Structures are given as structure tokens and as C-alpha cells.
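Spelled out from the first residue to the last, the chains are:
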Amino acid sequence: MEDKMMARRVPRWLVGTLALTFAFLVTPAGAAYAEEVPIPPNTGLTDRGTGTLTAADRDFVIKVRLAGLWEVPAGNIVAEKSENPAVVKIGQEIAKQHVELDSLTRKAAKRLNISLPNQPNGDQQFWLSEMRNAATPQQLDQIFIDRLRSAHGKIFPAIGTIRAGTRSDTVRLLAQQANQFVMTHMTLLESSGIVDYAGLPTLAPPAAAPGQGPVPVDNQMLVAATEGGSVPGLSNTVILIVLAAALVVGVATTMRIFRAR
């Protein structure tokens, strides 16, 4: 009887607010909103040809050129030999986009007076040879997807470093453009559905702060959750549901405590 009286005394606005909050969090729309990541606009960058050019800048421009020198023929190879329509389209699109990026790279190199290579390096030539000599169309698809995805993943750090640290307007703009192409290509490659995620190398643990020991696993999980990452085995939706349920229980318990006084 006492519990029923207490329930009636709980303000209706509080019950309604909690109900709406909980419903929002557990619905697909609420979950999608919580997991949405805004994409920054590509504005504010101009190429006035100013700023000191460094050795790192030159190396970056050359690497972007090298990427196109092997990824254009790689895309053409799978477009011609693959039996998977999805991979064929991915190869065609990546080759097409690298032609465009290569044009931007050559334009930047000319402005900066940087000499560019005209053929892939040794590793890239080996990867192309792997594709040309693949035993089956399926093996070709796997080599193409895994090799290109790995290469794109490795250039992300270089793009980020140059994008943040270069003093050259021309290089900064090229880094911005290259980053957009690389992200698009990673997405295209993963859309194939045949990425060998299980075969990926294990990532190194987070580096410890100076003077401190290794970061505990529990702290790594906490950092991942609070910085927008994910905790292994838990989705953002599940976490939000648990938090909402805890909020409801906490408010109900607090009301009971106050009523008991």
C-alpha cells in the first residue's frame, strides 16, 4: 500500500521524461543518433604557393605519386580478370580516382619543383606481379583487396603528420585531398565483403605516459569507451540501454529514500 502511495506521489513530468529518454535510447533512431560521427567540411584551404618546403613534404608528394603508379594498374588488372562484379567495379573506381589524384599530385609537384618517379618501387612491382600471376580469379580478388587495403592503412599516419605539420599551402591541400581519396578507397575495398580481418596483425597496446608503467587493460577499455571507441563485446546501443536503466532505478531509489524520511 505504501509503495503504491509513493508511486502516485512521483511527479508525472519526471516519469514522462524518463520514459521518453529510455524509449529514445533503445529505438534505432536513438541508437543511430548516438553513434553518428560528423564529417568535417572541406573548406578553408587555399593554395597560395607559400610556406617553407621540407624534406618530409617532398617525400610525401613522392609517396602519393607512387601510390597511383601501382594502384591504377592494380585496379585495371582486377577490372579485366576478376569474375566478381563487385570487385570489378571497385577496381575500376579506384583506378579512375587515382588518375584524378595523380593529376593533382603532378600539379603540386610542378609548382614545388619536385621530381617524381615514373614507375612503381620494388615492393609495388612485386604486388602487381602477384596479381598478374594469381592462380584463380578468387585469389586475384583476395590479393587485390588485402594488398590495397593494407597500403591505404599505412599511408594514413603519413597524411595526418603532413596535414598537421606542413608549412606549405600546396602540400597541405594535397594532403587534404589525398586523405579524402584514401578514406573513400578503404570504404570501397571493405565493401567487397572479402577483407581477411582475421589475418590482420595484432595492434600494439597504447603507449604509457612518461614515467609510468603499461596502461592497464581496464583503463584501455575505459579510455576507448569515453573517447568514442568501443569496448570489446559491447555495442554503444547496449551501453546506452544499461545507462538508461540505471538512471531509472537510481531515481526510483532516491524517491523512496526521501519519502521514507
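Residues numbered from 1 in each chain as written. Predicted model: local features only at pLDDT ≥ 70, side-chain atom pairs only at ≥ 80, totals over all residues. Heavy atoms only, no water.

(A) Representation of the overall build of the chain within the structure. The helix and strand inventory of the chain stands at 10 helices and zero strands. The secondary structure elements of the chain, listed N-terminal to C-terminal, are α-α-α-α-α-α-α-α-α-α. Within the chain, the fraction of its 261 residues that count as buried is 30%. Taken as a whole, the chain presents about 16,700 Å² of accessible surface, with 59% of it coming from carbon and sulfur. (Helix = DSSP H or I, 4+ residues; strand = E, 2+ residues; numbered from the N terminus. Buried < 20%, exposed > 50% of the residue type's maximum accessible area, 1.4 Å probe, protein only. Areas by Shrake-Rupley, 256 points an atom, 1.4 Å probe, with all protein chains shown as cover.)

(B) Expanded view of unusual backbone geometry. In this structure, Asn-113 is a non-glycine residue whose phi angle is positive, near 60°. By the secondary structure assignment, Asn-113 is in the loop between α5 (85-112) and α6 (122-132).

(C) Structural detail: the packing of helix α4 (residues 55-81) against helix α8 (residues 169-190). Across the interface, α4 lies against α8 with an axial gap of 11 Å and an inter-helix angle of 35°. Of the two elements, α4 crosses α8, and the hand of that crossing is left-handed. In this structure, α4 contributes Asp-57, Phe-60, Val-61 and Glu-71 to the contact, and α8 contributes Val-171, Leu-174, Ala-175, Ala-178 and His-185. Of the residues in the contact of α4 with α8, the class split is six nonpolar, one polar and two charged. (Axes fitted to C-alpha atoms, helices over the stretch in contact; angles between N-to-C directions. Left-handed = near helix turned anticlockwise from the far one by under 90°. Contact = heavy atoms within 4.5 Å. Nonpolar A, V, L, I, M, F, W, Y, C, P; charged D, E, K, R; others polar.)

(D) Here's a closer look at the nonpolar core. Judged by nonpolar contacts, the single largest core of 19 residues is most densely connected at Trp-70, Ala-74, Met-131, Phe-144, Leu-148 and Leu-189. Counting residues per element, the ones that place at least two in this core are α4, α5, α6 and α7 (137-165). Of all the elements, α7 adds the most residues to this core, at six residues. When residues no more than four places from it in sequence are discounted, the contact partners of Leu-189 are Ile-90, Ile-94, Phe-144, Ile-145, Leu-148, Arg-149, His-152 and Val-195. (Core = buried A, V, L, I, M, F, W, Y, C linked by side-chain atoms within 4.5 Å.)

(E) Highlighting the environment of Gly-49. Along the polypeptide, Gly-49 turns up in the loop between α3 (28-35) and α4. If sequence neighbours within four positions are ignored, Gly-49 has contacts with Arg-111, Asp-169 and Thr-170.

(F) Here's a closer look at the pattern of salt bridges. Counted by the stated rule, this structure contains seven salt bridges. Here the residues in one salt-bridge network are Arg-48, Asp-169 and Arg-172, joined through shared partners. (Salt bridge = Lys/Arg side-chain N within 4 Å of Asp/Glu carboxyl O.)

(G) Geometry of the environment of Asn-76. Position of Asn-76 relative to the elements: it lies in helix α4. With relative accessibility at 41%, the residue Asn-76 sits in the partly exposed group. Taking C-alpha positions, Asn-76 is 6.3 Å from Gly-91, a pair spaced 15 residues apart along the chain.

(H) Just the confidence of the model for the chain, in detail. Looking at the chain, the pLDDT average stands at 78 and 64% of residues meet or exceed 70. Across the chain, the element-wise mean pLDDT spans from 39 in α3 up to 96 in α4. The model gives residues 23-40 a pLDDT under 50, and that stretch makes 12 contacts with residues more than four places away or in other chains. (pLDDT = per-residue confidence, 0-100.)

(I) Expanded view of the environment of Gln-142. Structurally, the position occupied by Gln-142 is in helix α7. You can call Gln-142 partly exposed: its relative accessible area is 28%. Note: C-alpha distance between Gln-142 and Asp-196 (54 residues apart in sequence) is 8.1 Å. Ignoring anything within four residues of it in the chain, the contact list for Gln-142 reads Ile-194, Val-195 and Asp-196.

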